[in-house]
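Chain and residue survey
Listed below, chain by chain, are the residues.
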Amino acid sequence: MTGTGMLSRERTALMLHVPDVFLDELAERRLFPKPDSDGAYRILDVEAALRALPWLKRLGVPLSEGELARVADGLEPPVHAGFTWGDRRYCRLWEALAAAWKVDPIEVA
């Protein structure tokens, strides 16, 4: 149970549409707050991160190669994830970031 003004790790991951271990990857790169000693996140810290980096709200959204490139130069769908629709490759933003950061997809998924 989390206290007032706090979000559990699971709820935070669900809110961002990412596996919960991906929260650690974001925090390690100072893109997201670190949890407290109980593993919970302060709502105010999460809201501040979402305001500072609006693309965090799109982590679970499938993006095309062009859209991924606008997030970061060279960001592209990894071979092991995503799908092709028409003639375009798509994958969720967190999957592309995990591949770019060389995060083991088995650990994250």
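Heads up: the structure comes first, above all this text.
What counts, and at which threshold
Residues numbered from 1 in each chain as written. Predicted model: local features only at pLDDT ≥ 70, side-chain atom pairs only at ≥ 80, totals over all residues. Heavy atoms only, no water. Phe/Tyr/Trp six-rings, centres within 6.5 Å; stacked < 30°, edge-to-face > 60°. Helix = DSSP H or I, 4+ residues; strand = E, 2+ residues; numbered from the N terminus. Buried < 20%, exposed > 50% of the residue type's maximum accessible area, 1.4 Å probe, protein only. Contact = heavy atoms within 4.5 Å. Pairing = 2+ DSSP bridges. Axes fitted to C-alpha atoms, helices over the stretch in contact; angles between N-to-C directions. Salt bridge = Lys/Arg side-chain N within 4 Å of Asp/Glu carboxyl O.

Things to note about the packing of aromatic side chains
Under the counting rule described, the total for this entry stands at five aromatic pairs. Ring centres of Phe 22 and Trp 101 lie 5.7 Å apart, and the angle between their planes is 10°; on these two criteria the pair is classed as stacked. In this pair, Phe 22 is assigned in helix α2 (residues 20-28) and Trp 101 in the loop between α5 (93-100) and α6 (105-108), connecting sequence segments 79 residues apart. Overall, the relative accessible area of 22% leaves Trp 101 in the partly exposed class. Ring centres 5.5 Å apart and planes at 10° place the aromatic pair Phe 83 and Tyr 90 in the stacked group. Note on Phe 83: relative accessible area 36%, which makes it partly exposed. Grouping aromatic residues by their ring pairs yields a cluster made of Phe 22, Trp 94 and Trp 101.

Examining the side chain of Ser 64
In this structure, Ser 64 sits in strand β3 (residues 62-64). According to the relative accessible area criterion, Ser 64 is buried, its value standing at 7%. Residue contacts for Ser 64: discarding those within four places in its chain leaves Arg 88, Arg 89 and Tyr 90.

Some thoughts on the sheet that holds β3
On the basis of which strands lie adjacent, the open sheet formed by three strands has the order β3-β5-β4 and antiparallel pairing. In this open sheet, the two strands that pair with only one neighbour each are β3 and β4 (83-85). Each adjacent strand pair in this sheet contributes to an overall mean axis angle of 40°, direction not counted. As defined by bridge partners, β3 adjoins strand β5 (residues 88-92) across three bridges and the pair is classed as antiparallel. For Ser 64, the partnering residue across the bridge sits in β5 and is Tyr 90. Packed onto the sheet, α5 meets β3 and β5 and runs at close to 90° relative to β5.

Structural notes on α2
For an α-helix, the turn length of 3.6 residues means that residues three or four places apart are oriented alike. Within α2, the full set of buried residues consists of Phe 22, Leu 23, Glu 25, Leu 26 and Ala 27. Residue Arg 30 follows α2 closely and has a positive phi angle near 60°.

Topic: the pattern of salt bridges
If you walk through the whole model with that rule in mind, you get six salt bridges. Asp 20 is the partner of Arg 9 in a salt bridge, and the nearest nitrogen-oxygen pair spans 3.7 Å. Taken together, the residues Arg 9 in helix α1 (residues 9-16) and Asp 20 in helix α2 connect sequence positions 11 residues apart. Looking at Asp 20, the relative accessible area reads 30%, which means it is partly exposed. Asp 24 is paired through a salt bridge with Arg 9; the nearest N and O atoms lie 2.8 Å apart. One end of the pair, Asp 24, is in helix α2; the other, Arg 9, is in helix α1, with 15 residues separating them in the sequence.

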